[in-house]
Every structure is written in C-alpha cells, then in structure tokens.
Amino acid sequence: MIANFSQRKVLKSLRTKLITQFGAALAVILPPLLFPEATTAQSATICGIGAPSGFVAVAYQYSSNCRRSSSSTSFAPNATVIATPFSGQTICGIGAPSGFVAVAYQYSSNCRRSSSSTSFAPNATVIATPSSGQTKCGIGAPPGFIAVRYTYNSNCRLSSSSTSFAPNATVIRSF
C-alpha cells in the first residue's frame, strides 16, 4: 500500500510538471500564430529615404547620424523608420508590398518627405492581407483573387480635393 501511495505521488508530481511545461510551451507558440503582427512589428531606422526589400517605410525623419556633411544645416528628413509589414499597418507611400493590398490612403505627418511641405494630400497607405469579400483600393485583383465588382470608396481617394465618384476600388473574392 505504501508503494502505491508513493507511486501515485510521483505520478501526480510528473503530471503537474508536464501540464505546467505544456502550458508554458503553448504560451510561447500560440501568440505568434494567433497574432502574427506581434512577431513582425519590429522596426529600425536607416539612413536615406526608402525601405529595402521585405520591409516598409513607416516614417521619415531627420537623424544627425545620417547627415552627409558636417556643415549641413538642413533638418529635412534623411532617415527612414522601417518595419516588417503586417495587416492593418499604415505605411509611407502609395501602394502595398507583395502579399498585401491597400485598403485606404491617408495623410500622415510621419510620412512627410520635406520639413517644409504644406500639402495634406494622401502620402500613406493602410495595408491588409487580401481576403474574400474585401474592398481594396485600385482597380484589379491580387494574385489568387478575382474582381467581383468595381466601386467608389472614399478611403481610396488619391487627392483630398477630388470630387470624382468614379470607381477607385475593387471588391475581391478568392478562387
């Protein structure tokens, strides 16, 4: 009887450790699967205006580390904050990286390329992973999707003063 009690205690202890370790493993594995932006939202600042392949520009700024001349007195943007793209992100420029679609165009002060710019025209894009039934900016469908219909979407205007209601967006469906 004592051996059985001792064995049960050991098994209970092992079961508790196994459940605890399994739970800890799930806590590490599941968030990136459920929330991919948690693993892709890393950013860095690089000199120059633009983003290398696989990254998007999320802001332009002045950096004293990126001055080309020590006598320069310009404080115009000379550096780019880059990040790996994720759905729902606002990126600088008009257009979307491969694997994403534009769902809105807007003005962002983070995306001004000139410190003296007074324009409030759209200079940024909200991107999303394409999905069936989605309305994306622009005419045409991304790879793996077909255009269901063309429509007007006020979020897809490229000019803040445009009065045209011509189709500027596409409703897509996967095939």
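Scroll up for the structure.
What counts and how
Residues numbered from 1 in each chain as written. Predicted model: local features only at pLDDT ≥ 70, side-chain atom pairs only at ≥ 80, totals over all residues. Heavy atoms only, no water. Helix = DSSP H or I, 4+ residues; strand = E, 2+ residues; numbered from the N terminus. Buried < 20%, exposed > 50% of the residue type's maximum accessible area, 1.4 Å probe, protein only. Contact = heavy atoms within 4.5 Å. Pairing = 2+ DSSP bridges. Axes fitted to C-alpha atoms, helices over the stretch in contact; angles between N-to-C directions. Core = buried A, V, L, I, M, F, W, Y, C linked by side-chain atoms within 4.5 Å.

Enquirer: Report on the side chain of S108, specifying residues and quantitative values.
Expert: In this structure, S108 sits in the loop between β5 (101-106) and β6 (124-128). On the basis of relative accessibility, which here comes to 13%, the residue S108 falls in the buried class. In this structure, S108 is in contact with N123 and A124, ignoring residues within four places of it in sequence.

Enquirer: So what's going on with the sheet that holds strand β8 (residues 145-151)? Residues and values would help.
Expert: Overall, antiparallel pairing links the three strands, which are arranged β7-β9-β8 in an open sheet. Of all the strands in the sheet, the pair left with one neighbour each is β7 (135-137) and β8. Going from strand to strand, the sheet's axes swing by 40° on average, the running direction of each strand aside. Bridging between β7 and strand β9 (residues 169-174) involves three bridges; their strand directions are antiparallel. When the sheet's bridge partners are listed, C137 is paired in β9 with A169.

Enquirer: Now, about the pairing of strand β2 (residues 56-61): what can you tell me, with residues and values included?
Expert: Buried residues dominate β2, accounting for five of its six residues. Where β2 and strand β3 (residues 79-83) come together, five bridges link them in antiparallel fashion. Paired with A59 across the strands is V81, a residue of β3.

Enquirer: With reference to specific residues and values, describe the nonpolar core.
Expert: Formed by V56, V58, A59, V81, A83, I91, F100 and I127, the largest nonpolar core amounts to eight residues. Of all elements in the fold, only β2 and β3 reach the threshold of two or more residues within this core. Looking at which element gives the most residues to this core, the answer is β2, with three residues. Discounting residues that sit within four places of it in the chain, V58 has contacts with V81, A83, Q89, T90, C92, N110 and C111.

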